[in-house]
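Analysis of the macromolecular model
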Amino acid sequence: QVQLVESGGGLVQPGGSLKLSCAASGSIFSTMGWYRQAPGKQRELVADITRYGGANYADSVKGRFTISRVNAKKTVVLQMNSLKPEDTAVYYCNARTIYDTMNFWGKGTLVTVSS
């Protein structure tokens, strides 16, 4: 029943910007965020945010990416600025219930940063 619908991926030049959005069906989740995975690398946390607004960022994206929740906290938005080639990956939306009892994942959206 739970669905996470992602949008906003694409191809951009280094230094450019993209905005990713993820809309959740059903309940408001305690934490929503974005992970990414590149070929040959483990999936890693990019940023997440609680229903009350507390946010965490990977060190590699601090100062460049901003995460927020809109639409009555059922949508999570990741604004990505000053993109670098090393940001290239499939980005996955994630939603978690209180105490991390359940995890839900989007299907993934590809972000390619290349000149």
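Worth saying up front: this structure is predicted, and the values here are computed from it rather than measured. (Residues numbered from 1 in each chain as written. Predicted model: local features only at pLDDT ≥ 70, side-chain atom pairs only at ≥ 80, totals over all residues. Heavy atoms only, no water.)

1. Let's talk about the side chain of D87
Along the polypeptide, D87 turns up in the loop between β8 (75-80) and β9 (89-96). A polar atom in the side chain of D87 sits 3.0 Å from the side chain of R36. (Helix = DSSP H or I, 4+ residues; strand = E, 2+ residues; numbered from the N terminus. Polar contact = N/O pair within 3.5 Å; in protein donor to acceptor, adjacent residues only side chain to side chain.)

2. Re the state of the cysteines
Following the criterion strictly, the structure yields one disulfide and no others. With its sulfur 2.1 Å from that of its partner, C22 forms a disulfide with C93. Across the S-S bond of C22 and C93 the torsion is about -85 degrees, and the bridge reads as left-handed. With C22 in strand β3 (residues 18-24) and C93 in strand β9, this pair connects stretches of sequence that are 71 residues apart. (Disulfide = S-S within 2.5 Å.)

3. A closer look at the sheet that holds β8
Taken in spatial order, the four strands line up as β1-β3-β8-β7 in an open sheet, and their pairing is antiparallel. Two strands lie at the open edges of the sheet, namely β1 (4-7) and β7 (65-70), each paired on one side alone. Ignoring strand direction, the axes of neighbouring strands in this sheet form an average angle of 15 degrees. One ladder, built from six bridges, connects β3 with β8; its direction is antiparallel. When the bridges of β8 are listed, L20 appears paired with L78. (Pairing = 2+ DSSP bridges. Axes fitted to C-alpha atoms, helices over the stretch in contact; angles between N-to-C directions.)

4. What to know about the pairing of strand β4 (residues 31-37)
Across the seven residues that make up β4, a large majority, six, are buried. Of the strand pairs in this sheet, β4 and strand β5 (residues 44-50) are connected by six bridges, and their pairing is antiparallel. Bridging across to β5, Y35 finds its partner in L45. Hairpin connection between β4 and β5: a loop of six residues separates the two successive antiparallel strands, and G40 in this loop has a positive phi of roughly 80 degrees. (Buried < 20%, exposed > 50% of the residue type's maximum accessible area, 1.4 Å probe, protein only.)

5. Re the environment of A95
Position of A95 relative to the elements: it lies in strand β9. The class of A95 is buried, set by a relative accessible area of 0%. It is 6.2 Å that separates the C-alpha atoms of A95 and F29, two residues lying 66 residues apart in sequence. Residue contacts for A95: discarding those within four places in its chain leaves L4, F29, T31, M32, M102, N103 and F104. (Contact = heavy atoms within 4.5 Å.)

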